[in-house]
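# A structural walkthrough
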Amino acid sequence: MSSVEPEGRDTTRRRRQTTVVIKDSMRDLRIQLARLQHSVGTRLELRDTDLDCLDLIGRHGPLGPSALARLAGVHPATLTGILDRLERGGWIARDRHPADRRAVTIRVNRDRAAEVFNQYAGMNAALDRICAGYDTAQLDVLADFLRRATEAGRTATDSPT
């Protein structure tokens, strides 16, 4: 019997090993991003969840409190405290909804948002350098993988097993 395994089995093993490396790398990335966020939040005197909400408002806003609570995965009562802190700090403004004067929309104060962006400048520059090492087709694969991994996380969060 030969000591060399058939190519199919070797390929399967290599694929499993690479998948484990990818999953471990994503876990490591999550930890590093959480550390970066905590560091930025500390410098700006924002809690991690406040920074998450500010980012969501900046990317998806203006939006209503209920929509933000769903996106952030926080209870509406908790969100009220977050919004109060962000408003006191000048990070956001609450405006009357143009179509429904009883409703409120939340928007980012762009002047203050620049402070957050500046805190991530080093990471953004590093990511630009990393992306420069890939061709467009490879970047498309990476972007697709990250979108699909994000959706898998959303699905797992929305329907835990």
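Residues numbered from 1 in each chain as written. Predicted model: local features only at pLDDT ≥ 70, side-chain atom pairs only at ≥ 80, totals over all residues. Heavy atoms only, no water.

What follows is about the overall build of the protein. Along the backbone of the protein there are seven helices and two strands. Moving toward the C terminus, one meets the helices and strands of the protein in the order α-α-α-α-β-β-α-α-α. Its C-alpha atoms give the protein a radius of gyration of 21 Å, more than 25% over the compact-globule value 15 Å for 161 residues. Counting only C-alpha atoms, the protein reaches 80 × 35 × 30 Å along its principal axes. A buried classification covers 17% of the 161 residues belonging to the protein. Taking the contacts inside the protein whose residues are at least 6 apart along the sequence as the reference set, 46% of them involve residues at least 24 apart. Looking at the protein, you have 26 positive and 22 negative side-chain charges, and the mean spots of the two groups are 3 Å apart. (Helix = DSSP H or I, 4+ residues; strand = E, 2+ residues; numbered from the N terminus. Rg over C-alpha atoms; globule rule 2.2 N^0.38 Å. Buried < 20%, exposed > 50% of the residue type's maximum accessible area, 1.4 Å probe, protein only. Contact = heavy atoms within 4.5 Å. Lys, Arg positive; Asp, Glu negative; His and termini not counted. Charge placed at Lys NZ, Arg CZ, Asp CG, Glu CD.)

The subject of this paragraph is the side chain of Asp50. Tracing the backbone through its elements, the reader meets Asp50 in helix 2 (residues 48-60). Excluding its chain neighbours within four sequence positions, the residues that come into contact with Asp50 are Ile82, Arg85 and Leu86.

With that settled, consider the packing of aromatic side chains. Under the defined criterion, the tally for this structure stands at zero aromatic pairs. In this structure, Arg112 packs its charged tip against the face of Trp91, placed 3.8 Å from the ring centre. (Phe/Tyr/Trp six-rings, centres within 6.5 Å; stacked < 30°, edge-to-face > 60°. Lys NZ or Arg CZ within 6 Å of the ring centre and 35° of its normal.)

This part covers the nonpolar core. Core analysis: the biggest nonpolar cluster contains 22 residues, and Leu68, Leu79, Trp91 and Ile92 have the highest contact counts within it. Among the elements of the structure, helix 1 (7-44), helix 2, helix 3 (65-72), helix 4 (76-88), strand 2 (104-108) and helix 5 (110-119) are those that each provide at least two residues to this core. Per-element accounting of this core gives the leading share, five residues, to helix 2. Discounting chain neighbours no more than four positions away, the residues touching Trp91 are Leu44, Leu46, Leu54, Leu86, Arg107, Val108, Asn109, Arg112, Ala113, Glu115 and Val116. (Core = buried A, V, L, I, M, F, W, Y, C linked by side-chain atoms within 4.5 Å.)

Once that is clear, we can look at the side chain of Gln37. Relative to the elements of secondary structure, Gln37 occurs in helix 1. A polar contact of 2.8 Å, which involves the side chain of Gln37, links it to the backbone oxygen of Asp48. Those residues in contact with Gln37, other than ones at most four positions away along the chain, are Asp48, Leu51, Asp52 and Tyr120. (Polar contact = N/O pair within 3.5 Å; in protein donor to acceptor, adjacent residues only side chain to side chain.)

With that out of the way, let us pick up the packing of helix 2 against helix 4. At their nearest, the axes of helix 2 and helix 4 sit 10 Å apart, and the two run at 80 degrees to each other. One element, helix 2, and the other, helix 4, form an angle in the roughly perpendicular class. Together, Thr49, Asp50, Cys53, Leu54 and Ile57 of helix 2 and Leu79, Ile82, Leu83, Arg85 and Leu86 of helix 4 make up the contact between the two elements. Residue composition of the contact of helix 2 with helix 4, grouped by class: seven nonpolar, one polar and two charged. (Axes fitted to C-alpha atoms, helices over the stretch in contact; angles between N-to-C directions. Parallel < 35°, antiparallel > 145°, perpendicular 65-115°, else oblique. Nonpolar A, V, L, I, M, F, W, Y, C, P; charged D, E, K, R; others polar.)

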